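Residue strings, one per chain:
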Amino acid sequence: MTATTADLFSLRGRTAVVTGASSGLGARFATVLAAAGATVYAAARRPDRLRELADSDPGIHPVVCDVSREEDRERLVGTVLEHGGRFDVLVNNAGASGAVRAQDESSGDFSDVLAVNLVAPFHLARLLAETPSDHDGTKSVVNVSSVLGLVSGAPLGGAAYAASKAGLVGLTRELAGQWGRSGIRVNALAPGWFRSEMTDGLFADERSRRWVERGTMLGRGGQQGELDGALLYLASDASAYCTGQVLTVDGGWTAR
Ligand SMILES: NC(=O)c1ccc[n+]([C@@H]2O[C@H](COP(=O)([O-])OP(=O)(O)OC[C@H]3O[C@@H](n4cnc5c(N)ncnc54)[C@H](OP(=O)(O)O)[C@@H]3O)[C@@H](O)[C@H]2O)c1
């Protein structure tokens, strides 16, 4: 039987976890996956924001969780399994940015960024891999990296942030290699510059905004919704033969 295009991107019957879903890209990702039919567990630290998101869509369930804490990560996955017994899609989106100048970043601060951006994605992916599977190839991990994991962002960016996002690319390839034959696909999404709480200051500053526009082939930052297709592609069967890859959605920032 030939799948229709809509079937290809459908997440009906699947259960997804989106971390960092209380704002920005993560809140949008939760909505996109729910619209494709998934039951979505939206995780972050701010309960009010999560409640607001869940109130907007019956397919979204809030779970308050600090992903830098191992016990919170285990509780998150425990909650998901308790409710439906499935865990098919993991979007490792929660992210923290550190200081921009390396001289201003202590090794403790550096570790804190890695705990959220790299250690948590690894552990959550392992928890997904450990959940029972019917080996139907539906498990998909999407690690939200960044163009700053691919190229230097100096004079903006930050050492811990860049190292964590580049680390996610290595982690993506390694886990894809280890788990491919178990039917678990692992890919990374590398966005360019999108306005969010994390980048508000940058877009509000005229010089920085112009710097983004100058370096982007399309001449502008990304707009809300311009990651929807890429996210849905990686999460769904549309990318059934794609693993270990980085999908860069950056208006041409890294193509120069
Ligand atoms: N915006 C861009 O231009 C851009 C470009 C490339 C990559 N990215 C990546 O995209 C992802 C989303 O960023 P964004 O731009 O949407 O920024 P954002 O609005 O600041 O979102 C960051 C999210 O991460 C969550 N978070 C931070 N620390 C957490 C923790 N310890 N435990 C649980 N959740 C935590 C925050 O929720 P709470 O504070 O409620 O916990 C928030 O929901 C990040 O990984 C970022 O690095 C963004």
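Located above this text is the structure these notes cover.
Let me sum up the structure you'll find in this document. In this text the structure is predicted, and so the values were computed from the model without any measurement.

### A word on the site of the ligand
Around the ligand sit 29 residues, and of these R45, N93, Y161, F194 and S196 come closest. R45 places a side-chain nitrogen or oxygen 2.7 Å from an oxygen atom of the ligand. About the coverage of the ligand: the protein hides 94% of its 880 Å² of free accessible area. Within the shell around the ligand, the residues separate by chemical class into 13 nonpolar, 11 polar and 5 charged.

### Quick word on the side chain of R185
Mapped onto the fold, R185 is located in strand β6 (residues 184–191). Salt bridges are absent for the buried R185, whose nearest opposite-charge side chain, D237, sits at 5.2 Å. Looking at R185, its side chain comes within polar contact range of the main-chain oxygen of L234, at 3.3 Å.

### Observations concerning the packing of helix α4 (residues 70–84) against helix α5 (residues 107–130)
Two numbers describe how α4 lies on α5: the axes approach to 10 Å, and their chain directions differ by 35 degrees. Taken as a pair, α4 and α5 cross one another with a handedness that is right-handed. Each of E70, R73, E74, L76 and V77 in α4 lies in contact with α5, whose residues at this interface are V119, A120, H123, L124 and L127. The class makeup of the residues in the contact of α4 with α5 is 6 nonpolar, 1 polar and 3 charged.

### Description of the sheet that holds strand β7 (residues 246–249)
Within a sheet, adjacent strands bond to each other through the backbone by hydrogen bonds, running parallel or antiparallel. With parallel pairing, the 7 strands of this open sheet are ordered in space as β3-β2-β1-β4-β5-β6-β7. Edge strands, defined here as strands with exactly one partner in the open sheet, are β3 (60–64) and β7. Direction aside, neighbouring strands of the sheet carry axes that sit 20 degrees apart on average. Summarising the sheet, strand β4 (residues 89–92) and strand β5 (residues 139–144) pair through 4 bridges and their orientation is parallel. Of the residues in β5, the one forming a bridge with V89 is S140. This element, helix α3 (residues 47–55), spans β2 (39–44) and β3 of the sheet and lies at about 170 degrees to β3. The strands touched by α4 are β1 (15–19), β2 and β3; relative to β3, the strand with the most contacts, the crossing angle is about 145 degrees.

### Quick word on the nonpolar core
Among the nonpolar cores identified, the biggest contains 32 residues, and V18, F29, L33, V40, V91, L189 and L231 are the most heavily contacted of them. If you list the elements that add at least two residues to this core, you get β1, α2 (24–35), β2, α3, β4, β5 and α9 (228–235). Per element, the largest residue contribution to this core is 6 residues, and it comes from α2. V17, C65, A94 and L168 belong to the second largest nonpolar core, which has 27 residues in total.

### Observations regarding the environment of V40
Inspection of the secondary structure puts V40 in strand β2. With a relative accessible area of 0%, V40 lands in the buried category. Distance from V40 to E213, taken between C-alpha atoms, is 34 Å for residues 173 residues apart in sequence. What V40 contacts, discounting residues up to four positions off in sequence, is A16, V18, A30, L33, A34, G59, I60 and H61.

Calculation notes
- Along each chain, residues carry numbers from 1 onward, in the same order as the chain's sequence is written.
- pLDDT decides what is reported in this predicted model: residues at 70 or higher carry local features, side-chain atom pairs at 80 or more are listed and counted, and totals for whole chains, interfaces and linings draw on all residues regardless.
- Side-chain numbers come from the whole structure's heavy atoms, not from hydrogens or water.
- Here, proximity means that at least one heavy atom of the residue falls within 4 Å of the molecule or strand.
- Think of a polar contact as two N or O atoms within 3.5 Å of one another; within protein, one of them needs to be a possible hydrogen donor and the other a possible acceptor, and neighboring residues in sequence only count if both atoms come from side chains.
- Areas reported here follow the Shrake-Rupley algorithm with a probe of radius 1.4 Å; residue values treat only the protein chains shown as occluding.
- For this scheme, ten residues count as nonpolar: Ala, Val, Leu, Ile, Met, Phe, Trp, Tyr, Cys and Pro. Four count as charged, namely Asp, Glu, Lys and Arg, and the remainder, Gly too, count as polar.
- Working definition: helices are DSSP H or I runs of at least four residues, strands are E runs of at least two. Numbering for both runs from the N terminus.
- Each residue is placed in one exposure class: buried if its accessible area under a 1.4 Å probe, protein chains only, is under 20% of its type's maximum, exposed if it is over 50%, and partly exposed if it falls in between.
- The sign given to each residue is positive for Lys and Arg and negative for Asp and Glu; His and the chain ends receive no count.
- Basic side-chain nitrogens of Lys or Arg form a salt bridge, by our definition, when they fall within 4 Å of a carboxyl oxygen of Asp or Glu.
- Where helices are involved, their axes are fitted lines through C-alpha atoms of the stretch in contact, as for all axes, and angles between N-to-C directions lie from 0 to 180°.
- The crossing is said to be left-handed when, going from far helix to near helix, the turn is anticlockwise and less than a right angle, and right-handed when the turn is clockwise.
- When checking whether two residues touch, look at their non-hydrogen atoms; a contact exists if any pair is within 4.5 Å.
- Two strands qualify as a pair provided that DSSP identifies no fewer than 2 bridges between them.
- Residues grouped as a nonpolar core are buried Ala, Val, Leu, Ile, Met, Phe, Trp, Tyr and Cys residues, joined through side-chain atoms within 4.5 Å.

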